[in-house]
Amino acid sequence: MGPPGSRGSTTARGSLQHLLLFLLFVGPFNCFASYSRATELFYSLNEGLPAGVLIGSLARDLRLPVAAGQRPAAPQPPLSFTLASRGLGGQYVQLDNRSGELHTSAMEIDREALCVESSEATVFGGAAAVSSSSPSPDSCLLLLDVLVLPQEYFRLVKVKIAIRDVNDNAPRFPVPHIRLSVPENAPVNTRLAIEHPALDPDVGTNSVQTYRLRDNYGVFTLDVEENESGERTPYLIVMGALDRETREEYVTVIIAEDGGTPPLVGSATLTIGISDINDNCPQFSDSQLNVTLYGNSSLGAHVATVHAVDMDLGSNAQITYSYSQKVPQPSKDLFHLNESTGTITLSNKVDGDTPRLHRLIILGNGPGCIPAVITVLVTIIKVMMRPPEVVPRFIANEAEGVVYLKELEPINTPIAFFTIKDPDEKYKVNCYLDGDGPFRLSPYKPYNNEYLLETTKPLDYESQQLYEISVVAWNSEGFHVNKIIKVQVLDDNDNSPVFSQQLIELSIEENNVPNAFLTKLHATDADSGERGKVSYFLGPDAPSYFSLDKTTGVLTVSTQLDREEKEKYRYTVKAVDSGFPPRESIATVTITVLDKNDNSPRFINKDFSFFVPENFPGFGEIGVISVTDADAGQNGWVALSVLNGSDIFVIDTGKGVLRAKVSLDREQQSSYVLWIEAVDGGDPALSSTAKITILLLDINDNPPLVLFPQSNMSYLLVLPSTLPGSPITEVYAVDKDTGMNAVIAYSIIGRRGPRPESFRIDPKTGNITLEESLMQNDYGLYRLLVKVSDHGYPEPLHSTVMVNLFVNDTVSNESYIESLLRKEPDISIEEKQPQISIEPTHKKMESASCMPTLVALSIISLGSIALVTGMGIYICLRKGKKHHRADESLEVQIPLNGRINLHMLEKKPMEISNI
């Protein structure tokens, strides 16, 4: 296949002779060619390409006239390319209906998923794995049917896209562990096929090429054989001698490698087991065994045991024992040989005719082996008297010489009766109990030679489960007989479960994940079986969101714990056994929920407002900012800081006290808005902010400021023809304070002139008007001392200004008037509180909110009246003592807070018109 865009059969150069034969054959039918033409196009591309890769141009490769740049004689409809059906192949390509260009789609082409390799081409919904008839033996084809329209160019195009393999799959063994068995006698160069070769979906050189072993131990290697279908099978080759008895197993790693660039590998564990062969025969450790047997031994008495060893395994190591043919029959009859165990026992009674020496030749037989031989010499010692007899009669349950007793059986529980006698009735027989345990053997009167075996204290299964005791009988000649008895103690449910800890102290961080593990409880029960099986349960005081696994004892919590909601938990757990009736024990669980920094500091209010009088001293306490943090320890420690205005305000981190570094002046700034940040001590730290509004309360610390007239030396010409009630001039003043402290009243407290009462001032507006008509003798200079006073509390402040009015027709001599102004006037103070209604202009107040103000004004008014009365009496007394001066040139003293030094004021003459 060529690169993308190359053509297959339509562009391949066939034989010229075949082409001529084809044209001759289809010549008579060329009238149908424009209506029925089928064409095949071959393309190839790599698997796994992204979307938008050009595969080929159908119009160009079909050499259609329009695509070839030919201009038709008459206008023709445009070409149209359409997929005949969108099968499996249509999912992987995008066909441009106009240009006929074929591109890869967003669905990535995976050759291994698309095609299934076989010896014949197999089609799966538009995809085919191609056999030898296709362009390449390992080709995988996408099959597309494309219709070309309009009718003038109509044809059905068979598009075959060969998908080239890339090395995108590593070899993989079907099983992670491969086991191979090799006989230990396998000769060198033995070849064993590995039944699970590695698989690689890639093809050609990208498939599995070689195998190797990570460790060959110097005795193995690998070879690869390829069959006719191209499958490669690894073979294990034995390169050295093997001996199972030296080493029975080799474990290594088999690695498969493909031929890609770079190559990819896969591996599996290879265990090589060395199988046994019968290459070893039985052997005895000794060649002869000497044994002595008393003539009075009872039937079944153990004589000896022979044991041979075969190093092989399984059936190859199976050994049987038999007597040699050289052993006399009487010896065979007297001694029984167990052919499986090699145990020799006494099978017949020894009498006076029994030979005293027996040579037993025993063979150890193995499969396919020469028997091993051992000789057992048995010497029989003749005994003239018979030993005493011990005959038991069991009271307790007994089976095969084992007595079964329940624990906690009462004291003196009978176990068995024993009859002790001499079979020859010649000798006196005594007996005693040999062995440890709570047992006693005592004569059972009034009978002779009868003994009772009983317990001396309760048995405890948990202390000891099995006792082995012997009843020993001996006669006066010194013959002893032992009767061994085993006592098995049966368990009873007499123990409660025991917790490893009675108080289980746990801790867990809050905000835990659901079903978080807390601990695993452990309780033991000394009883056995079901009686010792422990189950776990929560006590009735345990919250419902704690869970305890009945079998494993795993304690979990199903929900998130919140330390701020509850910090300590305390409840009980039970361990119950499976006995009847069940026994239980109780332990206490305490859980401490550890704090996490999951709570931000919280201000009591999001907005704090503080009212502070102006001129409040620096570092005075403005207010306390209250903040809390629900966390504990370092996480609950809160530090406060001022985010803005830190050059003026500071806050006490510990107490939350807000202070100003300097005294605050309301006239400079009437309010402050601060943002306070609270940061806790967690890691990472959490924070919150609050808004602080500081409102400065006004204090009457500013007297009214007279803006007009601007000087005590200015004057105004008043024409004598001015009508009564006409406005002459005004006094205008402002006060930087607010509220009542800024309400200004005007009054004339001093007059000087021919008829000074001719002028009055409006206490509210400061407008000065003419009260009476001016006469000829009223000409001259009038000097009015005006007091501008606020209504501050507790003490009103005031300023004074001199208003100069010159009544005349003209100003003919300004220097004369200025000389009069320079003299300080002698003016009597007429302190009189102006009676005005106070209406603050800066704020409209409701009737309900004016009541406190009215009460305060009433009090101030009463105080002012008393003050004015006192001042009036004082002025009258002073006026009586003073002499009147007839001269119109007056020297006026302008009081400021009682007295003002005119030399300290700016003396600037002003001409003010009457308009």
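This is a predicted model, so every value here is computed, not measured. Throughout, residues of each chain are indexed from 1 in the direction in which the sequence is written. Local features in this predicted model are restricted to residues of pLDDT 70 or higher, and side-chain atom pairs are both shown and tallied only at a pLDDT of 80 or more, whereas totals for entire chains, interfaces and linings draw on every residue. For the side-chain quantities, the full set of heavy atoms in the structure was used; hydrogens and water were omitted.

*Asks:* Just checking my understanding: could you explain the overall build of the chain for this structure?
*Replies:* Each helix corresponds to a stretch of at least 4 residues labelled H or I by DSSP, and each strand to a stretch of at least 2 residues labelled E; elements are numbered beginning at the N terminus. From N to C terminus, the chain includes six helices and 62 strands. Expressed as a percentage of its 915 residues, the buried residues of the chain come to 40%. For the chain, the accessible area works out to roughly 50,600 Å², and carbon and sulfur atoms hold 52% of it. For the exposure calls, accessible area comes from a 1.4 Å probe over protein chains only, and a residue counts as buried if that area is under 20% of its type's maximum, exposed if over 50%, partly exposed in between. Every accessible area reported is derived by Shrake-Rupley at a probe size of 1.4 Å, with residue values counting cover from the shown protein chains alone.

*Asks:* Hey, could you run me through the pattern of salt bridges in this one?
*Replies:* It is possible for side chains bearing opposite charge to pair when their charged atoms get close. We count a salt bridge whenever a side-chain nitrogen from Lys or Arg sits within 4 Å of a carboxyl oxygen from Asp or Glu. Applying the stated criterion across every chain, the model contains 21 salt bridges. In this structure, Arg232 and Glu226 form a salt bridge, with 3.4 Å as the shortest nitrogen-oxygen distance. Taking relative accessible area as the criterion, Arg232 reaches 27% and is therefore assigned partly exposed. Given a relative accessible area of 49%, Glu226 falls into the partly exposed group. Residue Arg755 pairs with Glu772 through a salt bridge whose shortest N-O separation is 2.0 Å. Within this pair, whereas Arg755 is found in the loop between strand S57 (744–752) and strand S58 (759–761), its partner Glu772 is found in the loop between strand S59 (767–770) and strand S60 (780–790), the two being separated by 17 residues in sequence. Taking relative accessible area as the criterion, Glu772 reaches 37% and is therefore assigned partly exposed. Connected through shared salt-bridge partners, Arg244, Glu245, Glu248 and Asp276 make up one network.

*Asks:* Sorry if this is basic, but what is going on with the pairing of strand S32 (residues 450–455) here?
*Replies:* Most of S32 sits out of view: six of its six residues are buried. By the alternation rule, side chains of S32 split into Glu450, Leu452 and Glu454 and Tyr451, Leu453 and Thr455, which are all buried. The criterion for strand pairing is that DSSP finds at least two bridges linking the strands in question. Judged from the five bridges that link them, strand S29 (residues 414–421) and S32 form a sheet pairing that is antiparallel. Bridge assignment links Phe417 to a residue of S32, and that residue is Leu452. One ladder, built from five bridges, connects strand S31 (residues 439–443) with S32; its direction is antiparallel. Across the sheet, the residue bridging to Pro443 is Tyr451, located in S32. Hairpin connection, S31 to S32: the antiparallel pair is bridged by six residues, and Asn449 has positive phi, about 60°.

*Asks:* Explain the state of the cysteines here, please?
*Replies:* Chemically, a disulfide is nothing more than a covalent bond linking the sulfur atoms of two cysteines. Only a pair of cysteine sulfur atoms within 2.5 Å qualifies as a disulfide here. A complete count under the given rule lists two disulfides for this structure. The disulfide that involves Cys115 links it to Cys140, with 1.5 Å between the sulfurs. Looking down the S-S bond of the Cys115 and Cys140 bridge, the torsion is 60°, so its handedness is right-handed. Linking Cys115 in the loop between helix H3 (111–114) and strand S6 (122–123) with Cys140 in strand S8 (residues 140–149), this pair joins segments that are 25 residues apart in sequence. Paired by a disulfide, Cys281 and Cys369 hold their sulfur atoms 2.3 Å apart. Its S-S torsion of approximately -85° makes the covalent link between Cys281 and Cys369 left-handed. Placement of Cys281 in the loop between strand S16 (265–275) and strand S17 (283–284) and of Cys369 in the loop between strand S24 (357–365) and strand S25 (372–381) is noted, with a sequence separation of 88 residues between them.

*Asks:* What am I meant to see in the sheet that holds S32 here?
*Replies:* One key point about sheets: their strands pair by backbone hydrogen bonds, in either a parallel or an antiparallel sense. Strand order in the open sheet formed by four strands is S26-S29-S32-S31, with antiparallel pairing between adjacent strands. What marks the edges here is a single partner per strand, and that holds for strand S26 (389–394) and S31. Adjacent strand axes in the sheet meet at a mean angle of 25° when their direction is disregarded. Working convention: axes come from line fits to C-alpha atoms, limited for helices to the stretch in contact. Angles between N-to-C directions cover 0 to 180 degrees.

*Asks:* Honestly, the environment of Thr292 in this entry has me stumped. Any pointers?
*Replies:* Relative to the helices and strands, Thr292 is located in strand S18 (residues 288–294). Thr292 gets classed as exposed once you look at its relative accessible area, which sits at 53%. Residue contacts for Thr292: discarding those within four places in its chain leaves Thr379 and Ile381. Whether two residues are in contact is decided by their heavy atoms, any of which lying within 4.5 Å being enough.

*Asks:* Is there a simple way to explain the sheet that holds strand S46 (residues 621–624) in this structure?
*Replies:* The strand order across the open sheet formed by three strands is S46-S50-S49, and the pairing between neighbours is antiparallel. Each having just a single partner strand, S46 and strand S49 (649–651) make up the two edges of the open sheet. When the angles between neighbouring strand axes are averaged without regard to direction, this sheet yields 25°. The pairing of S46 with strand S50 (residues 657–660) spans three bridges and is classified as antiparallel.

*Asks:* I'm lost on the nonpolar core in this one. Help?
*Replies:* A general tendency of soluble globular proteins is for nonpolar side chains to be buried together. Here the nonpolar core consists of buried residues drawn from Ala, Val, Leu, Ile, Met, Phe, Trp, Tyr and Cys, with membership extended through side-chain atoms lying within 4.5 Å. In this structure, Leu58, Phe81, Val159 and Ile161 are the most contacted members of the largest nonpolar core, which totals 28 residues. Of all elements in the fold, only strand S1 (38–46), helix H2 (58–61), strand S3 (80–83), strand S4 (93–95), S8 and strand S9 (155–164) reach the threshold of two or more residues within this core. In terms of residue count, S8 provides more of this core than any other element does, five residues in total. Val291, Val303, Leu360 and Ile380 belong to the second-largest nonpolar core, a separate cluster that totals 26 residues.

*Asks:* Is there a simple way to think about the side chain of Asn316 in this case?
*Replies:* Relative to the assigned elements, Asn316 resides in the loop between strand S20 (308–309) and strand S21 (320–323). Judged by its relative accessible area of 18%, Asn316 is buried. Excluding its chain neighbours within four sequence positions, the residues that come into contact with Asn316 are Asp276, Ile277, Asn278, Asp310 and Pro367.

*Asks:* How should the pairing of strand S52 (residues 687–697) be read in this particular structure?
*Replies:* Remark: a regular strand shows side chains that alternate across the two faces of the sheet. Where strand S45 (residues 607–613) meets S52, seven bridges bridge the pair, whose relative direction is parallel. Each bridged residue has a counterpart across the sheet, and for Asp607 the counterpart in S52 is Lys691. Turn length for the strand S51 (residues 671–680)-S52 hairpin, with the two strands adjacent in sequence and antiparallel, is six residues.

*Asks:* Just checking my understanding: could you explain a nonpolar patch on the surface for this structure?
*Replies:* Each patch is built from salt-bridge-free residues with over 30% relative accessible area, joining like charges within 9 Å and nonpolar side chains (Val, Leu, Ile, Met, Phe, Trp, Tyr) within 5 Å. Among the surface-exposed residues, Leu643, Val673 and Trp675 lie close enough to one another that they form a single nonpolar patch of about 270 Å² accessible area. With respect to the helices and strands, Leu643 occurs in the loop between strand S48 (638–642) and S49. Its relative accessible area of 46% is what places Leu643 among the partly exposed residues.

*Asks:* Where do I start with the packing of aromatic side chains in this structure?
*Replies:* The description of an aromatic ring pair uses the distance of the two centres, along with the angle that the planes make with each other. Any two of the Phe, Tyr and Trp rings considered here, Trp counted by its six-membered ring, make a pair once their centres fall within 6.5 Å; the pair's planes then place it as stacked at under 30 degrees, edge-to-face at over 60, or tilted in between. All told, the structure shown has 16 aromatic pairs when counted by the stated rule. Look at Phe439 and Tyr467: their rings are 5.3 Å apart centre to centre, the planes differ by 85°, and that puts the pair in the edge-to-face class. A residue pair is termed long-range when its members are at least 10 positions apart, and Phe439 in strand S31 and Tyr467 in strand S33 (residues 466–475) qualify at 28 residues. For Phe439, a relative accessible area of 9% translates into the label buried. Residue classification places Tyr467 among the buried residues on the basis of a relative accessible area of 9%. On the numbers, 5.3 Å between centres and 75° between planes, the contact of Phe759 with Tyr782 is edge-to-face.

*Asks:* Explain unusual backbone geometry here, please?
*Replies:* Negative phi characterises most residues that are not glycine, and trans characterises most peptide bonds. With an omega of 10°, the peptide bond between Lys445 and Pro446 qualifies as cis. Structurally, Pro446 can be placed in the loop between S31 and S32. Each neighbour pair has its own omega, and for Phe580 with Pro581 the value is -5°, a cis peptide bond. By the secondary structure assignment, Pro581 is in the loop between strand S42 (568–577) and strand S43 (584–594). Even without a glycine there, the phi angle at Asn189 is positive, about 75°. Within the secondary structure, Asn189 sits in the loop between strand S10 (177–183) and strand S11 (191–193). On the basis of relative accessible area, Asn189 is assigned to the exposed category, the value being 54%. In this structure, Asn412 is a non-glycine residue whose phi angle is positive, near 70°. Relative to the elements of secondary structure, Asn412 occurs in the loop between strand S28 (402–406) and S29.

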